[in-house]
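Spelled out, the chains give:
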Amino acid sequence: MTTLRLTSSHDDLARAAEILCAGGLVAIPTETVYGLAVRADDADAVARLYVAKDRPADNPLIVHVADVDAVLSVAREVTPLARDLLARFAPGPLTLVLPARDDVPDAVTAGLDTVAVRIPDHPVALALLHLAGVPLAAPSANRSTRPSPTRVEHVLADLDGRIDAVVDGGPTRVGLESTVVDARGVVPIVLREGGVTHEMLGVTGVAEARTSAHRSPGTRHRHYAPALPVHLAEPGTGPGVAVALVAELGGPVGLIAVRASGALEPLTATDVTVLAVPRDAAELGAEMFTLLRAAESRGVAAVVVEAVAEEGIGRAVMDRLRRAADATAPTSAS
Ligand code: TXA
Ligand code: MG
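This section reports on the structure supplied with the text. (Residues numbered from 1 in each chain as written. Chains lettered and ligands numbered in written order. Predicted model: local features only at pLDDT ≥ 70, side-chain atom pairs only at ≥ 80, totals over all residues. Heavy atoms only, no water.)

1. Digging into the pairing of strand β12 (residues 253-256)
Residue alternation in β12 divides its side chains into two sets, V253 and L255 and G254 and I256, and both sets are buried. Sheet topology places β12 next to strand β13 (residues 272-276); 4 bridges connect them, and they run parallel. Residue pairing across strands places L255 opposite V274, the latter belonging to β13. Where β12 lies against strand β14 (residues 302-306), 4 bridges are found, and the strand directions are parallel. Residue pairing for β14: I256 is matched across the bridge by V305. (Buried < 20%, exposed > 50% of the residue type's maximum accessible area, 1.4 Å probe, protein only. Helix = DSSP H or I, 4+ residues; strand = E, 2+ residues; numbered from the N terminus. Pairing = 2+ DSSP bridges.)

Right, here's the structure in full:
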């Protein structure tokens, strides 16, 4: 299969919508990461999507819709909590888990009685939803286990020849996937950290404590792994950890340090390659997947990333970094 490269011109979007309507797989930009879209009402197309991504069958998909009314095309009920969250955060990087309608294919929900749904805040994604006129199921457009794609090159690196088309919308803004929230009850329960923070949701105390016990199915799987080990360093200790690792591995090591956490002192005359020095957690989050993929072609044996505080977007950043570190640890089962 040849993967068609499309721009976001009017004609190209019309072509992309046509391919989607015919049951094709099209990678599209969203404000979070690129998604691999397929019509959510076509079980065969959804099955092809799992194959293209090598995705475990027990990991359900997020359905993307154009507006609040269209949520009811896949959800049986929009709870008062969901209404409130949609009013505050849609369109945006928030996914709601709601009771699923019976006509949503099992392939989309992985057989659960709930469905995950979101309204993306990206002109290309919204235009395609309007043109296609159907809800689109779209997981991140990476091969399973790889870092999520934030640029069209990442999509092609993983999926060229396995999907029908990709629409280039430039680099994505948030750089981390949406926050997944169970919105069936009266308080939001965060199932996956993301672009909408706990602080924005007003999730504290008990609901927050419940977070780790109620993970999204997908958060069980090996994830976010570049082809080299990722080491987490305490804030401000990245240079020292990288220097020690150079000695241990006997080869060059990449470093992603966070400016807010201090000076890059002991780096003279070592084999440490500074890959980036993001200003803060938000900048690290936006660039993280790009940097992890870029590290693979920088000739380094490992990459050290400085931790950020677990507040605001820092929670989502640390969630992804920990899982990248776990997934690339020598003892990690793949
Ligand atoms: O930002 C995003 O969410 C991106 C863009 C493309 O929209 N999509 C994305 O999809 O990250 P994916 O497939 O990589 O992650 C979907 C997450 C998984 O952790 C999955 O388990 C969870 O959403 N999920 C899907 N349906 C669910 C459900 N019914 N209940 C609980 N979690 C669900
Ligand atoms: Mg994903």
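Moving on from the model shown.
2. Section: the environment of A141
Mapped onto the fold, A141 is located in the loop between β7 (136-137) and α6 (152-159). Setting aside residues up to four positions removed in sequence, A141 forms contacts with A27, Y34, G35, L36, P149, V155 and L159. (Contact = heavy atoms within 4.5 Å.)

3. Here we look at the site of ligand 1
Close to ligand 1 lie 26 residues; T32, R55, H64, S178 and G218 are nearest. In this structure, an oxygen atom belonging to ligand 1 sits 2.8 Å away from a side-chain N or O atom of N59. Alone, ligand 1 offers 680 Å² of accessible surface; in the complex the protein occludes 98% of this. Sorting the residues of the shell around ligand 1 by element identifies β4 (62-64), β6 (114-118) and β10 (189-192) as the ones contributing at least two each. Ranked by residues supplied to the shell around ligand 1, first place goes to β6 with 4 residues. Tallied by class, residues from the shell around ligand 1 come to 13 nonpolar, 9 polar and 4 charged. (Near = heavy atom within 4 Å. Polar contact = N/O pair within 3.5 Å; in protein donor to acceptor, adjacent residues only side chain to side chain. Areas by Shrake-Rupley, 256 points an atom, 1.4 Å probe, with all protein chains shown as cover. Nonpolar A, V, L, I, M, F, W, Y, C, P; charged D, E, K, R; others polar.)

4. Brief notes about the pattern of salt bridges
Within the structure shown, the criterion is met by 18 salt bridges. Between D158 and R146 there is a salt bridge, with its nearest N and O atoms 3.5 Å apart. A residue pair is termed long-range when its members are at least 10 positions apart, and D158 in helix α6 and R146 in the loop between β7 and α6 qualify at 12 residues. For D158, a relative accessible area of 6% puts it in the buried group. What makes R146 buried here is its relative accessible area of 18%. Across the pair D319 and R323 runs a salt bridge, and its minimum N-O distance is 3.2 Å. Of this pair, D319 and R323 are both found in helix α11 (residues 314-328), 4 residues apart, which corresponds to roughly one turn of the helix. For D319, a relative accessible area of 10% translates into the label buried. Looking at R323, the relative accessible area reads 14%, which means it is buried. (Salt bridge = Lys/Arg side-chain N within 4 Å of Asp/Glu carboxyl O.)

5. A few points about the sheet that holds β6
The strands making up a sheet associate through hydrogen bonds between their backbones, and the pairing can be parallel or antiparallel. Read from one edge of the open sheet, 10 strands run β1-β8-β2-β3-β7-β4-β6-β5-β9-β10, paired in mixed fashion. Each end of this open sheet is capped by a strand with a single partner; those strands are β1 (4-6) and β10. The sheet strands contacting helix α2 (residues 43-53) are β3 (35-39) and β7, and the helix crosses β3 at an angle near 155°. (Axes fitted to C-alpha atoms, helices over the stretch in contact; angles between N-to-C directions.)

6. Re the packing of aromatic side chains
Enumeration over the complete set of coordinates arrives at 1 aromatic pair. Considering the side-chain rings of Y224 and F289, the 5.4 Å spacing of their centres and the 15° angle between planes classify their relative orientation as stacked. Remark: F289 occurs in helix α10 (residues 281-295) and Y224 occurs in the loop between α8 (205-210) and β11 (230-233); sequence separation between them is 65 residues. Take Y224: its relative accessible area is 1%, and that puts it in the buried class. (Phe/Tyr/Trp six-rings, centres within 6.5 Å; stacked < 30°, edge-to-face > 60°.)

7. A closer look at the sheet that holds β11
A sheet is described by the order of its strands in space; here 4 strands give the open sequence β11-β14-β12-β13, paired in parallel fashion. Edge positions in the sheet fall to β11 and β13, since each of these pairs with one other strand and no more. Adjacent strand axes in the sheet meet at a mean angle of 30° when their direction is disregarded. Relative to the sheet, helix α9 (residues 238-249) contacts β11, β12, β13 and β14, its axis offset from that of β14 by approximately 165°. Most of the contacts of α11 go to β11, to which it runs at about 130°, and overall it touches β11 and β14.

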